[in-house]
Amino acid sequence: MLELDELSVTYRLDSADVPAVRGVSLELAAGEALGLAGESGSGKSSVALALLRLLPRSAVVGGRVMLDGEDVLAMKWGRLRAVRWSSASIVFQGAQHGLNPVQRIGDQIAEPLLVHRQASGTDAAARVRELLAQVGLPAWRARSYPHELSGGQRQRVMIAMALACGPQLIIADEPTTALDLMVQAQVLTLIRQLIADHGISLLMISHDLSVLADVCDRLAVMYAGRLVEVGPSSEEFRHPYSQALAAAFPTVGDPASRLAPRGLAGDPPDPQQLPGGCAFHPRCPVALDSCATSDVQLRASGTDRTAACVLVGE
Amino acid sequence: MLEATDLRVEFPGRGGRRARAVDGVNLSVGAGEIVALVGESGCGKTTLARTLLGLERPTSGRIAYDGTPLSYSGRALRAFRRQVQLVLQDPMGSLNPRHTVYEAVAEGPRIHGLPDEETVVSSALARAGLRPPERFFQRFPHELSGGQRQRVVIAGALALDPKVLIADEPVASLDASVRGEILSLLLRLRDDLGLSALVVTHDLGLAWNIADRVAVMYLGRIVESGPTEEVLKNPQHPYTQALLSVLPESPERIVLTGEPPDPTRIPAGCRFHPRCQLVAAGNGKPECSTQPLQILPAGTDSQVACYLATT
Ligand SMILES: Nc1ncnc2c1ncn2[C@@H]1O[C@H](COP(=O)(O)OP(=O)(O)OP(=O)(O)O)[C@@H](O)[C@H]1O
Ligand SMILES: Nc1ncnc2c1ncn2[C@@H]1O[C@H](COP(=O)(O)OP(=O)(O)OP(=O)(O)O)[C@@H](O)[C@H]1O
Ligand code: SF4
Ligand code: SF4
Ligand SMILES: [Mg+2]
Ligand SMILES: [Mg+2]
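Residues numbered from 1 in each chain as written. Chains lettered and ligands numbered in written order. Predicted model: local features only at pLDDT ≥ 70, side-chain atom pairs only at ≥ 80, totals over all residues. Heavy atoms only, no water.

The next thing to look at is the overall build of chain A. Looking only at helices and strands, chain A has eight helices and 12 strands in total. Scaling as 2.2 N^0.38, a compact globule of 314 residues should have a C-alpha radius of gyration of about 20 Å, and chain A matches this with 20 Å. Across its three principal axes, chain A shows a C-alpha extent of roughly 65 × 50 × 40 Å. Every one of the 314 residues in chain A was classed for burial, and the buried ones make up 52%. For chain A, restricting intrachain contacts to residue pairs at least 6 apart in sequence, the fraction spanning at least 24 positions comes to 62%. Summing over all exposed atoms, chain A offers an accessible surface of approximately 13200 Å²; the carbon and sulfur share of this is 51%. Between the centroid of the 27 positive side chains of chain A and the centroid of its 33 negative side chains there is a distance of 7 Å. (Helix = DSSP H or I, 4+ residues; strand = E, 2+ residues; numbered from the N terminus. Rg over C-alpha atoms; globule rule 2.2 N^0.38 Å. Buried < 20%, exposed > 50% of the residue type's maximum accessible area, 1.4 Å probe, protein only. Contact = heavy atoms within 4.5 Å. Areas by Shrake-Rupley, 256 points an atom, 1.4 Å probe, with all protein chains shown as cover. Lys, Arg positive; Asp, Glu negative; His and termini not counted. Charge placed at Lys NZ, Arg CZ, Asp CG, Glu CD.)

Written out as C-alpha cells, the structure is:
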C-alpha cells in the first residue's frame, strides 16, 4: 500500500539547513495500522506532509514514496490532486484552525463530496449527518460555525472531513490530542472499525504511546529525524529512548508520580547540530563510551522488531 | 486569589436556542495553589477559563481577584492581565504567523513597558525549555514543530512574571519528555514564586502529576471537587467514576449511554441523569430526573453534586 524508502526532508532556512527527516524507510500494508511516535520536533509531521507532497517550498525531499505502486514524488500535479482526494486523506495537526470561519461546518464537510460529484445535494446532506454521528456530534451541529464549537468538537469535524470521501489510506497527525478520554476512546473505536470493515490503512502520529498502542498493530519510534525502533505494539519496547517515552505518561494513583512529573533529562536535539555517534547519547541513561562516536543503524532484534542501539541485539 | 461566584455564560444559538456553556459555577484558586479543571470536550472548560480572564463577559455572576470584583474598563483589565496570564489551548491560533518568536514573546513586556526586553525574552524562552533561546529568536511559527510552538506561547505568558496562570490544555500538543518538563516548570514556579494556576485539561494524568485540587465539570457545572488524591483515587460522582474508568490502568470500563451532552438542552433534575450509569442500572432516585441539584460552593474540601453520594 505505502512504502517509504530512505525518505529525507531538509528545510532550507536563510541561515542554514534543517535536516528534519534523515532517511526513514517504512512499509504499510493494506488494512494495517501503523503508529509513529517520537518527541516534539523529531520529524513526525514532516514525514506525514512529505507523503502527499504538502511540504512548503523551502523543504527539499529525498528518497522515494510509493503509494499503491506509484511514485508520489514523481507524480504529475493532476494525478497528485486525484490521489489526495480519492485514495489518501490527511488529518493535519492543528487543522481545526484551518476551518473556514464564515462557513457552516456541514457545508464544509459536504464540499469535497459535491466538488468531486460523489453525491447530489440531498445525498450529501445525509452523508454529512452520518459522518457527524460517526464522530459523536448531533446532526444539528451541521448548521454551526466553527467558533461555536469547542476545540475537541472542531477536531472531530476534521476527522469527519477526512472520512468524507472514503479514502484507502488515512494519515492522522495527532488526531486526538484535543479530545478527552471518552471521546478519544470513541474516535479510536471508530478508526479501528474503519480499518476492520473497509480494509483502510492508517498511519497515525502521536506522542502518546498508549493512544497508538490502542489502535495500531505496529509502532515506529522516531528520534532526531530517524527511526530508532519498529515493532509490534503488543510487546515491550527495547530501545532506551522508546522506554523513556513510554515511562513519561503517569499512572493515576501511583504515588511515585504524584507531584513529580517525569520527563526526559537534557535538551531535545538541535537538528542543525546533531551530536555525533548515536544521536540520543547525550540523554541516554545507559550510554556506553562508544556511543559518542559510533552511530548504530536499525538492525533486527527478534523476529518482528528492529532497533538502533548497541545494547539491543538479537 | 481568583474567585468565580455563581458564574453563568450563555451564547445566543441558532433558532433561539441558547447554549448555556457555563451554567452556575463557584470556583476559587488560592495563592500558590494549582487547581485542575477536568471534564469532557464541550463541557465549558475553555469558556470558563476565558471568562475568568475577562475575555468573555459573564451573563451573570461575578469574578473577583484578590477580593476585588473584576472591572471591565480597559485600564483595569490591562492591570489585571499583567497578573493573570493565559496559555491557550491551540498554539497555532494564538501565534501571529507573521511575527517571529522574539516578537511574540516580547509583545507582553512591550505593552506593559518592562525594561531589558531582550533579557526578559530570552529568560522566558529558556524557562519554557527553548534552549538556547537565541536559536529561536528569528524563527516564524511555521518553522517550529507543534510542541515548540506551544512552548513559545508558554514563554509569552511567563515573560510578565504573572501571579496566576490560566492554562488551557497546556501540554496536549507536547510529547512525553517536554510535557514532564513543562509540568515540572509549573510546579517549580509555584514553589519558588508562589504562582497560582488553573490548569484546564482532559488529561487526568496531568492532574495527578501537578494539581493540589481537582474540579470535575459536566455540562457547564462542577459536579465534584476536592483534593486530588481523594477525587482521583476515590471518586464519588458517577460521572467522575466513568471518566476514570477509561484510563488504561482501570480494570473495568464504564460505558456511558445516551446522547452526547448538549448545552442548548440541559436536562431537568440532575443534568447527568440521561447518561448516569446508576440510573441506567435502575439504582437512581426519583429526584434524579426532577429536582435540580444545588450548586456546589467554592470550598477546598471534597464536594459532590449527586443524590446518591454519601459525602
Ligand atoms: N517550515 C519549516 N521550516 C524550518 N524548519 C521546520 C519547518 N517545519 C518544521 N521544521 C523543523 O523541523 C523539525 C521537525 O518538525 P516536525 O514538525 O516534523 O516535528 P514533529 O515531530 O511533528 O513535532 P511535534 O510533535 O511537536 O508536532 C523541527 O526541528 C522543526 O523546528
Ligand atoms: N461563541 C460560541 N457560540 C455558541 N456556542 C459556543 C460558543 N463557544 C462555545 N460554545 C459552546 O459551548 C460549549 C462549551 O465550549 P467550550 O469551548 O468551553 O468547551 P471545552 O470544555 O473547552 O471543550 P474542549 O475540551 O473540546 O476544548 C460547547 O458546546 C460549545 O459548542
Ligand atoms: S546506542 Fe548507546 S546512546 Fe544510543 S540508545 Fe543505545 S545505549 Fe543509548
Ligand atoms: S444525582 Fe442521580 S442521576 Fe445524578 S449523578 Fe447522582 S445518581 Fe446519577
Ligand atoms: Mg507534528
Ligand atoms: Mg477547550
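Right, picking up where we left off after that structure.
Scanning chain B from N- to C-terminus turns up 11 helices and 11 strands. Since a compact globule built from 311 residues should have a radius of gyration of about 19 Å, the 20 Å found for chain B is in line with a globular shape. For chain B, the C-alpha atoms occupy an extent of roughly 65 × 45 × 40 Å along the three principal directions. Relative to all contacts within chain B whose residues are 6 or more apart in sequence, the contacts with residues 24 or more apart total 65%. Looking at chain B, you have 33 positive and 34 negative side-chain charges, and the mean spots of the two groups are 5 Å apart.

This paragraph deals with the packing of aromatic side chains. Scanning the entire structure with this criterion turns up eight aromatic pairs over all chains. Centre to centre, the rings of Tyr-223 of chain A and Phe-280 of chain A are 5.0 Å apart; their planes meet at 75°, and the pair counts as edge-to-face. You can see Tyr-223 of chain A sitting in strand β9 (residues 218-223) and its partner Phe-280 of chain A sitting in the loop between α8 (240-247) and β11 (299-300), a full 57 residues away along the chain. Just as Tyr-223 of chain A is buried, Phe-280 of chain A falls in that class too. By relative accessible area, Phe-280 of chain A is classed as buried at 2%. Grouping aromatic residues by their ring pairs yields a cluster made of Tyr-223, Tyr-241 and Phe-280 of chain A. Looking at Arg-258 of chain A, its charged tip hangs above the ring of Trp-208 of chain B, at a distance of 5.4 Å from the centre. A cation over a ring is seen here: Arg-17 of chain B above Trp-140 of chain A, with NZ or CZ 4.7 Å from the ring centre. (Phe/Tyr/Trp six-rings, centres within 6.5 Å; stacked < 30°, edge-to-face > 60°. Lys NZ or Arg CZ within 6 Å of the ring centre and 35° of its normal.)

With that settled, the discussion passes to the sheet that holds strand β4 (residues 60-65) of chain B. All names here are of chain B. Across the sheet, which stays open at both edges, the four strands sit in the order β2-β1-β4-β5 with antiparallel pairing between neighbours. A single partner strand is all that each edge strand has here, and the edge strands are β2 (19-29) and β5 (68-69). Relative to β2, strand β1 (residues 2-11) is paired through eight bridges, and the arrangement is antiparallel. Bridge assignment links Glu-10 to a residue of β2, and that residue is Arg-20. Each of β1, β2 and β4 touches helix α1 (residues 45-52); the most contacted strand, β1, lies at about 120° to it. (Pairing = 2+ DSSP bridges. Axes fitted to C-alpha atoms, helices over the stretch in contact; angles between N-to-C directions.)

Residues and elements named next belong to chain B. Considering every residue of chain B, the mean pLDDT works out to 89; 95% of them sit at 70 or more. Here helix α3 (residues 91-94) stands out as the least confident element of chain B, with mean pLDDT 67; strand β10 (residues 221-227) is the most confident, with 97. For this predicted complex, the interface confidence comes out at an ipTM of 0.77, alongside a pTM of 0.79. (pLDDT = per-residue confidence, 0-100.)

We now examine the pattern of salt bridges. For the coordinates displayed, the defined rule picks out 23 salt bridges over all chains. With a closest N to O distance of 3.1 Å, Glu-229 of chain B and Arg-258 of chain A form a salt bridge. With one member in each of two chains, Glu-229 of chain B in helix α9 (residues 228-233) and Arg-258 of chain A in the loop between α8 and β11 form a pair that bridges those chains. Taking the relative accessible area as the measure of exposure, Arg-258 of chain A reaches 13% and is therefore buried. (Salt bridge = Lys/Arg side-chain N within 4 Å of Asp/Glu carboxyl O.)

A few words on the packing of helix α4 (residues 101-111) of chain B against helix α6 (residues 146-158) of chain B. Residues and elements named next belong to chain B. Where α4 meets α6, the closest approach of the two axes is 7 Å, and the angle between their N-to-C directions is 30°. Relative to α6, the element α4 lies roughly parallel. Between α4 and α6 lies a crossing of right-handed hand. Only Val-152, Ala-155 and Gly-156 of α6 make contact with α4, whose side of the interface consists of Val-101, Ala-104 and Val-105. Of the residues that constitute the contact of α4 with α6, the class distribution is five nonpolar, one polar and no charged. (Parallel < 35°, antiparallel > 145°, perpendicular 65-115°, else oblique. Left-handed = near helix turned anticlockwise from the far one by under 90°. Nonpolar A, V, L, I, M, F, W, Y, C, P; charged D, E, K, R; others polar.)

It is worth spelling out the interface of chain A and chain B at this point. At the junction of the two partners, chain A supplies 55 residues and chain B supplies 58 residues. Between chain A and chain B lies a buried interface of about 4300 Å² when both sides are counted; carbon and sulfur atoms form 56% of it. Of all residues in chain A, Met-182, Val-252 and Arg-258 of chain A give up the largest surface area on contact with chain B, accounting jointly for 18% of the area buried on that side. At the boundary of chain A and chain B, one finds two salt bridges. (Buried area = accessible area lost by both parts, 1.4 Å probe.)

Moving on to the side chain of His-237 of chain B. All names here are of chain B. Among the structural elements, His-237 can be located in the loop between α9 and α10 (238-245). Since its relative accessible area comes to 1%, His-237 is described here as buried. Looking at His-237, its side chain comes within polar contact range of the main-chain oxygen of Ala-305, at 3.0 Å. Aside from chain neighbours lying at most four places away, what touches His-237 is Val-223, Glu-224, Phe-272, Val-304, Ala-305 and Cys-306. (Polar contact = N/O pair within 3.5 Å; in protein donor to acceptor, adjacent residues only side chain to side chain.)

Near ligand 3, the surroundings consist of His-239, Pro-240, Cys-278, Phe-280, His-281, Cys-284, Val-286, Ala-287, Cys-291, Cys-309, Val-310 and Leu-311 of chain A. Of the residues contributing to the shell around ligand 3, the split by class is 10 nonpolar, two polar and no charged. (Near = heavy atom within 4 Å.)

As a matter of local geometry, ligand 4 sits amid His-237, Pro-238, Cys-270, Phe-272, His-273, Cys-276, Val-279, Cys-288, Cys-306, Tyr-307 and Leu-308 of chain B. When its residues are assigned to classes, the shell around ligand 4 shows nine nonpolar, two polar and no charged.

The next thing to look at is the environment of Pro-248 of chain B. Structurally, the position occupied by Pro-248 of chain B is in the loop between α10 and α11 (277-280). Its relative accessible area of 59% is what places Pro-248 of chain B among the exposed residues.

Right, let's get into the sheet that holds strand β5 (residues 70-71) of chain A. Residue and element names in this part refer to chain A. On the basis of which strands lie adjacent, the open sheet formed by four strands has the order β2-β1-β4-β5 and antiparallel pairing. Among the strands making up the open sheet, the edge pair consists of β2 (17-28) and β5. Two elements, strand β1 (residues 2-12) and β2, share nine bridges in a ladder whose sense is antiparallel. Bridging across to β2, Ser-8 finds its partner in Arg-22. Packed on one face of the sheet, helix α1 (residues 44-51) meets β1, β2 and β4 (59-67) and runs near 115° to β1.

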